[in-house]
Amino acid sequence: MYEASNENGHRVTIDMRKVEDRKDQNPVELLLSSLSACGAVDVTLMLKKRKKTITDFQIETVGTRRDETPKAFTKINCHYRITSPDVTIDELNKVAKLALEKYCSVASSLKAQITFSVEVNNLSL
């Protein structure tokens, strides 16, 4: 198990134990959760700007991964389920597409070419 924290001290536990022993999400699950949450924020904001009513909003995000290492995602499907008296399917499709293709930082990062920098320090000295 690992813990990650940001500059404000907010923490998240990352659980790398076997599935049956796991109490928190592993890094790959957190990635899908981050994508879901980022898209949800953007969809919700766009619909609220259009003065739409949202009574329930659920997202099921499923990823397909390569069999070979690295087991990167080859496909991710975000299935949005919204309960609203005034949002149409076409409207939800439009804002979901905008959210994931234009506004969501996590989705954009998944498409980015990332440059890594590594530094090793021997703290035992």
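This text goes with the structure placed above it.
Residues numbered from 1 in each chain as written. Predicted model: local features only at pLDDT ≥ 70, side-chain atom pairs only at ≥ 80, totals over all residues. Heavy atoms only, no water.

Novice: Got a minute to help me understand the nonpolar core in this structure?
Specialist: Note on soluble globular proteins: their nonpolar side chains tend to be buried together. With 14 residues, the main nonpolar core has L35, V43, L47, Y80, L92, V95 and C104 as its most contacted residues. If you tally residues by element for this core, the top one is helix α1 (residues 27-49), at five residues. Those residues in contact with L92 that sit more than four places away from it in its chain are V43, Y80, I82 and V87. (Core = buried A, V, L, I, M, F, W, Y, C linked by side-chain atoms within 4.5 Å. Buried < 20%, exposed > 50% of the residue type's maximum accessible area, 1.4 Å probe, protein only. Helix = DSSP H or I, 4+ residues; strand = E, 2+ residues; numbered from the N terminus. Contact = heavy atoms within 4.5 Å.)

Novice: Explain unusual backbone geometry to me, please; I cannot follow it from the model alone.
Specialist: With omega at 0°, the peptide bond leading from T69 into P70 counts as cis. Summarising the element assignment, P70 is placed in the loop between β3 (56-65) and β4 (73-83). Although it is not a glycine, K51 adopts a positive phi angle of roughly 60°. Relative to the elements of secondary structure, K51 occurs in the loop between α1 and β3.

Novice: Teacher, can you tell me more about the pattern of salt bridges here?
Specialist: Opposite charge on two side chains permits them to pair, given that their charged atoms come into close proximity. Applying the stated criterion across every chain, the model contains eight salt bridges. Residue E3 is joined to R11 by a salt bridge in which the shortest nitrogen-to-oxygen separation is 3.5 Å. The exposure class assigned to E3 is exposed, which follows from its relative accessible area of 55%. Classification of R11 as exposed rests on a relative accessible area of 60%. One network of salt bridges, with partners in common, ties together R50, K52 and E91. (Salt bridge = Lys/Arg side-chain N within 4 Å of Asp/Glu carboxyl O.)

Novice: Can you help me understand the packing of α1 against helix α2 (residues 89-103) in this one?
Specialist: Close contact between α1 and α2 brings their axes to 9 Å; oriented N to C, the two are set at 125°. Judged on the interaxial angle alone, α2 and α1 are oblique. In this structure, the crossing between α1 and α2 has a hand that is right-handed. For the pair α1 and α2, the contacting residues are L35, G39, D42, V43, M46 and L47 in the first and E91, L92, V95, A96, L98, A99, L100 and Y103 in the second. Along the lines of polarity and charge, the residues of the contact of α1 with α2 split into 11 nonpolar, one polar and two charged. (Axes fitted to C-alpha atoms, helices over the stretch in contact; angles between N-to-C directions. Parallel < 35°, antiparallel > 145°, perpendicular 65-115°, else oblique. Left-handed = near helix turned anticlockwise from the far one by under 90°. Nonpolar A, V, L, I, M, F, W, Y, C, P; charged D, E, K, R; others polar.)

Novice: Would you mind going over the packing of aromatic side chains with me for this structure?
Specialist: The relation between two aromatic rings is expressed through the spacing of the ring centres and the mutual angle of the planes. Evaluation of the coordinates by the stated rule reveals one aromatic pair. Arranged with centres 5.7 Å apart and planes meeting at 20°, the rings of F57 and Y80 form a pair that is stacked. Taken together, the positions of F57 in strand β3 and Y80 in strand β4 put the pair 23 residues apart, joining distant regions of the chain. Taking the relative accessible area as the measure of exposure, Y80 reaches 12% and is therefore buried. Over the aromatic face of F73 sits the side chain of R65, whose NZ or CZ is 5.9 Å from the ring centroid. (Phe/Tyr/Trp six-rings, centres within 6.5 Å; stacked < 30°, edge-to-face > 60°. Lys NZ or Arg CZ within 6 Å of the ring centre and 35° of its normal.)

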